[in-house]
Amino acid sequence: MCEQDQASKSSIVIGCDHAAYKLKEAIKFYLNSRGYKVDDVGTNSENSVHYPEFAIEVAKLISKGQYGRGILLCGTGLGMSMVANRFKKVRAALCHDIFSARLSRLHNNANVLVMGSRVIGEGLALEIVATWLETPFEGERHQVRIDMFDHLQPD
Ligand code: RB5
């Protein structure tokens, strides 16, 4: 099975804070309508919460191999990225354009997509999600480079 098929067959885990609650709901609706299964760790309203709680939950699930792909959303995407990238085997990519989303897969094998709801609109965010899920990792020299830093993360 090619990586593109794997992404479409396995569940995606998604989490957000209050700033990105509406965007998370839009992404869930979009992905469900395209046949993806999405597991949502919250938050479930626009009431103020602490973004690290949701980043930690998603990053732990990716780090343990329980999900192959995750999506994290907050106001800027910055806080979620900082937290998620502290976890072993997590390669979280903050992408606000299609080119970065595509390259984060081709070259960096990103397993978590991060976006900021206060930075981009819903239409672009949905296109970024689609591109990110459908783009395979190129491997080879890019795997060599990932191997050079993956071990730096503590257990
Ligand atoms: C919440 O106000 C905001 O700080 C959060 O969504 C995010 O942008 C943090 O990085």
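Our subject is the structure that appears above.
Bear in mind that the values here come from a model prediction, so they are computed numbers and not experimental data.

Conventions used here
- Residues numbered from 1 in each chain as written.
- Predicted model: local features only at pLDDT ≥ 70, side-chain atom pairs only at ≥ 80, totals over all residues.
- Heavy atoms only, no water.
- Helix = DSSP H or I, 4+ residues; strand = E, 2+ residues; numbered from the N terminus.
- Contact = heavy atoms within 4.5 Å.
- Core = buried A, V, L, I, M, F, W, Y, C linked by side-chain atoms within 4.5 Å.
- Buried < 20%, exposed > 50% of the residue type's maximum accessible area, 1.4 Å probe, protein only.
- Expected span 1.5 Å × (residues − 1).
- Arc of directions from axis to C-beta.
- Near = heavy atom within 4 Å.
- Areas by Shrake-Rupley, 256 points an atom, 1.4 Å probe, with all protein chains shown as cover.
- Nonpolar A, V, L, I, M, F, W, Y, C, P; charged D, E, K, R; others polar.
- Pairing = 2+ DSSP bridges.
- Axes fitted to C-alpha atoms, helices over the stretch in contact; angles between N-to-C directions.

Caption draft 1: Quick peek at the environment of Leu72. Take Leu72: it is sitting in strand E3 (residues 69–74). When the C-alpha positions of Leu72 and Ala84 are compared, they lie 8.7 Å apart, and in sequence the two are 12 residues distant. With residues up to four places along the chain from it excluded, the contact list for Leu72 reads Gly15, Phe54, Ala55, Val58, Met80, Ala84, Val112, Leu113, Val114 and Met115.

Caption draft 2: Broad picture of the nonpolar core. In terms of nonpolar packing, the biggest core is built from 26 residues, with Ile27, Leu31, Ile71, Leu73, Leu113, Met115 and Val129 touching the most fellow members. When neighbours within four sequence positions are excluded, Leu73 is seen to be in contact with Ile14, Gly15, Cys16, Asp17, Ala20, Leu23, Lys24, Ile27, Met80 and Met115. Residues Phe54, Val58, Ala59 and Ala84 belong to the second largest nonpolar core, which totals 19 residues.

Caption draft 3: Representation of helix H2 (residues 21–33) in the model. Between its first and last C-alpha, H2 extends 19 Å over 13 residues, near the 18 Å set by a 1.5 Å rise per residue. Of the positions making up H2, those classed as buried are Leu23, Lys24, Ala26, Ile27, Lys28, Tyr30 and Leu31. Directly beyond the C-terminal end of H2, a positive phi value near 90° is found at Gly35.

Caption draft 4: Helix H7 (residues 141–150), seen in detail. Listed as buried for H7 are His142, Ile146 and Asp150. Within H7, the buried residues cover an arc of 70° as seen down the axis, which keeps them to one side. Turned more than 90 degrees off the buried face of H7, the exposed positions are Val144 and Met148. Residues of H7 that are buried sit in contact with helix H5 (98–106).

Caption draft 5: Spatial organisation of the site of the ligand. Taken together, Asp17, His18, Ala19, Tyr51, Cys74, Gly75, Thr76, Gly79 and Arg118 form the complete shell of residues around the ligand. For the ligand, whose unbound accessible area comes to 290 Å², protein coverage reaches 72%. For the shell around the ligand, the residue count by class is 3 nonpolar, 4 polar and 2 charged.

Caption draft 6: Looking closely at the sheet that holds strand E4 (residues 92–94). One open sheet accounts for 5 strands, arranged E2-E1-E3-E5-E4; its pairing is parallel. The sheet terminates laterally at strand E2 (38–40) and E4, the two strands that pair on one side only. Across the sheet, the mean angle from the axis of one strand to that of its neighbour is 25°, orientation sign disregarded. Note that strand E1 (residues 12–16) and E2 share 3 bridges and pair parallel. Bridged to Val13 within E2 is Asp39.

The quantities given are spatial measurements derived from coordinates; they are silent on function.
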